[in-house]
Amino acid sequence: MPVAPPAPPGLLSALVSLDEIRAVELLDEGRHTIGLSGLVQDLVMPVMREIGLAWERGEVSVAQEHLATQLVRGYLEAFRIRSQAAGPQAWLACPPRELHDLPLAAFALLLQERGWHVRFFGASTPLHDLLRGVRVYRPELVVVSADDPDKLSACSVPLDLMSHDTVVALGGRAAQEVGADLPGIVLPPDMVEAADQLTRCLAAEVFASPELVPAP
């Protein structure tokens, strides 16, 4: 398999310098050069992680971080809406008080690219409310993602209840830290690998019996 050419440089610089036009140009170039999976895995998420670290070091202001996040979020969301897939349903949400939903929005694109019909609930979703919807609409998959381990751990009860009605998968940094102690399967930190794993399970009809879904 040929090696994909590198993503266009400069996205980090464009975002922190508030150059929205150049940032969108680079996102477009990246999508056409390395594809959607490459854009998410190799360009968007590494750049956003670096911006977050730069903010922690005091090198990037809150305003710069917010603008970068909103620009990238808007780009990804617009693309997802334009190409919404019809297929098995995947519901994506962050637990209550968890506001870091950009990685989940990026993951939504990867699932959509693989044929899933994604419903994106986003940040700070009441999981007991989500549970009621799961029992009515029966999605094949619910992905709950968090950055804060405490916020994910606090959702043990609704996660357990949902796991009786659908496949529950846990993502984000919090899942790597506390997911083994919670109901649901822990997704690998590599987003592309996680999306492929879920899609393979679907293709193998493993989702017909949630308890049979293998651990990563």
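Residues numbered from 1 in each chain as written. Predicted model: local features only at pLDDT ≥ 70, side-chain atom pairs only at ≥ 80, totals over all residues. Heavy atoms only, no water.

Let's shift gears to the pattern of salt bridges. All told, the structure shown has 14 salt bridges when counted by the stated rule. Asp 148 serves as the salt-bridge partner of Lys 151, at 3.9 Å between the closest nitrogen and oxygen. On the basis of relative accessible area, Lys 151 is assigned to the buried category, the value being 18%. Given a relative accessible area of 23%, Asp 148 falls into the partly exposed group. Members of the salt-bridge network, linked through shared partners, are Arg 22, Glu 25 and Glu 29. (Salt bridge = Lys/Arg side-chain N within 4 Å of Asp/Glu carboxyl O. Buried < 20%, exposed > 50% of the residue type's maximum accessible area, 1.4 Å probe, protein only.)

Another aspect to go through is unusual backbone geometry. Within the chain, Leu 18 stands out as a residue other than glycine whose phi angle is a positive 65°. Structurally, the position occupied by Leu 18 is in the loop between helix H1 (11–16) and helix H2 (20–56). Located in the positive-phi region is Ser 124, a residue other than glycine, with phi close to 45°. Note that Ser 124 resides in the loop between strand S2 (117–122) and helix H5 (127–137). Residue Ser 124 is classed as partly exposed on the basis of its relative accessible area, which comes to 34%. (Helix = DSSP H or I, 4+ residues; strand = E, 2+ residues; numbered from the N terminus.)

Turning our attention to the confidence of the model for the protein chain. A residue-level look at the protein chain finds 87% of positions with pLDDT of 70 or above and a mean pLDDT of 87. Confidence scores differ between elements of the protein chain, with helix H3 (residues 62–82) showing the lowest mean pLDDT of 86 and strand S3 (residues 141–145) the highest of 97. Every residue in residues 1–8 is under pLDDT 50, and counting partners more than four places away or in other chains gives eleven contacts. Contacts of residues 209–216 to residues separated by more than four positions or lying in other chains number 16 contacts, the stretch itself having pLDDT below 50. (pLDDT = per-residue confidence, 0-100. Contact = heavy atoms within 4.5 Å.)

Attention now goes to the environment of Gly 122. Following the sequence through the fold, Gly 122 ends up in strand S2. Relative accessible area serves as the criterion here: at 3%, Gly 122 is assigned to the buried category. With 29 residues separating them along the chain, Gly 122 and Ala 93 place their C-alpha atoms 4.9 Å apart. Beyond its immediate sequence surroundings of up to four residues, Gly 122 is in contact with Leu 92, Ala 93, Cys 94 and Asp 101.

Leu 15, Leu 92, Phe 107, Leu 111, Val 143 and Leu 198 are the most contacted members of the largest nonpolar core, which has 47 residues in total. Mapped by element, the contributors of at least two residues to this core are H1, H2, H3, strand S1 (89–93), helix H4 (102–113), S3, strand S4 (167–171) and helix H9 (191–203). Broken down by element, the residue count for this core peaks at 13 residues, all from H2. Core analysis: the next-biggest nonpolar cluster, separate from the first, contains 20 residues, Leu 130, Val 134, Leu 152 and Leu 159 among them. (Core = buried A, V, L, I, M, F, W, Y, C linked by side-chain atoms within 4.5 Å.)

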